[in-house]
Amino acid sequence: KEINMNKVILMGRLTRDAEIKAGANTTIARFNLAVDRRFAKDDDAQKADFIGCVAFGKTAEFLERFGHKGMKFVIEGRIQTGSYTNKDGQKIYTTDVITESVEFAESKAASQASSSANSEPMFVPAPDNDSDFMNIPDGIEDELPF
């Protein structure tokens, strides 16, 4: 029996607020995650990779509420490739991470106070697809707009 695996786990910061769209049957979130390169050389112009990601449903709704520029998340998902023809008739190839779960990697206070890579991550589970409840890191209540 052949086993196929397509699993991605990334930790990084949102490069901008998640872009949210209401689809016909679900919410869709598009975002880019800046993931530091572990062994970047001092003379490397690019010390991070910018990964395009897409989330659906409850995961997208979570990102709509908390997916703001600079927030650090751990995401889990799978790579999906595709293609389309642009308005000039050129075939464009795409690669996205289809996000299946999202977790906070640090508190918002830690995110603002430190841009240090040595800060200890704080993992908080994203909303369970079977539940309307979610865990929120300590101290973030003061930052919420409601």
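Residues numbered from 1 in each chain as written. Predicted model: local features only at pLDDT ≥ 70, side-chain atom pairs only at ≥ 80, totals over all residues. Heavy atoms only, no water.

**What about the overall build of the protein?**
So, step 1. Counting its regular elements, the protein contains 2 helices and 6 strands.
So, step 2. Secondary structure elements of the protein, listed N to C terminal, follow the sequence β-β-β-β-α-β-β-α.
So, step 3. Looking at the protein as a whole, 31% of its 146 residues are labelled buried.
So, step 4. Sequence-distant contacts, at least 24 apart, represent 55% of the contacts inside the protein between residues at least 6 apart.
So, step 5. Carbon and sulfur atoms make up 48% of the accessible area of the protein, which totals about 10100 Å². (Helix = DSSP H or I, 4+ residues; strand = E, 2+ residues; numbered from the N terminus. Buried < 20%, exposed > 50% of the residue type's maximum accessible area, 1.4 Å probe, protein only. Contact = heavy atoms within 4.5 Å. Areas by Shrake-Rupley, 256 points an atom, 1.4 Å probe, with all protein chains shown as cover.)

**Some thoughts on the pairing of strand β1 (residues 8-14)**
So, step 1. Bridge analysis of β1 against strand β5 (residues 72-85) gives 6 bridges, and the strand direction is antiparallel. For M11, the partnering residue across the bridge sits in β5 and is V74.
So, step 2. In terms of strand pairing, β1 meets strand β3 (residues 27-36) through 2 bridges, oriented antiparallel. For L14, the partnering residue across the bridge sits in β3 and is L33. (Pairing = 2+ DSSP bridges.)

**Side note on the packing of aromatic side chains**
So, step 1. Throughout the structure, instances matching the rule amount to 5 aromatic pairs.
So, step 2. Measuring from centroid to centroid gives 6.2 Å for F62 and F73, while their planes differ by 70°, and the two rings are edge-to-face. Here F73 lies in strand β5 and F62 lies in helix α1 (residues 57-66), a separation of 11 residues in the sequence. Each of the two residues, F62 as well as F73, counts as buried.
So, step 3. Where F62 meets F104, the ring centres are 5.4 Å apart and the plane angle is 70°; that geometry is what we call edge-to-face. Of the two residues, F62 sits in helix α1 while F104 sits in strand β6 (residues 91-104), which places them 42 residues apart along the sequence.
So, step 4. An aromatic cluster of three or more residues is present, and its members are F62, F66, F73 and F104. (Phe/Tyr/Trp six-rings, centres within 6.5 Å; stacked < 30°, edge-to-face > 60°.)

**So, the environment of E64**
So, step 1. The topology assignment puts E64 in helix α1.
So, step 2. Residue E64 is classed as partly exposed on the basis of its relative accessible area of 45%.
So, step 3. Setting aside its immediate chain neighbours within four residues, E64 contacts I20 and T27.

**What about the environment of A18?**
So, step 1. Position of A18 relative to the elements: it lies in the loop between β1 and β2 (19-22).
So, step 2. Between the alpha carbons of A18 and A29 there is a distance of 6.1 Å; along the sequence they are 11 residues apart.

**Some remarks on the side chain of T99**
So, step 1. As for its position among the elements, T99 is in strand β6.
So, step 2. Beyond its immediate sequence surroundings of up to four residues, T99 is in contact with F31, C53, V54, A55, T59, I75, E76 and G77.

In short, the description is geometric, and any link to function would need to be established separately.
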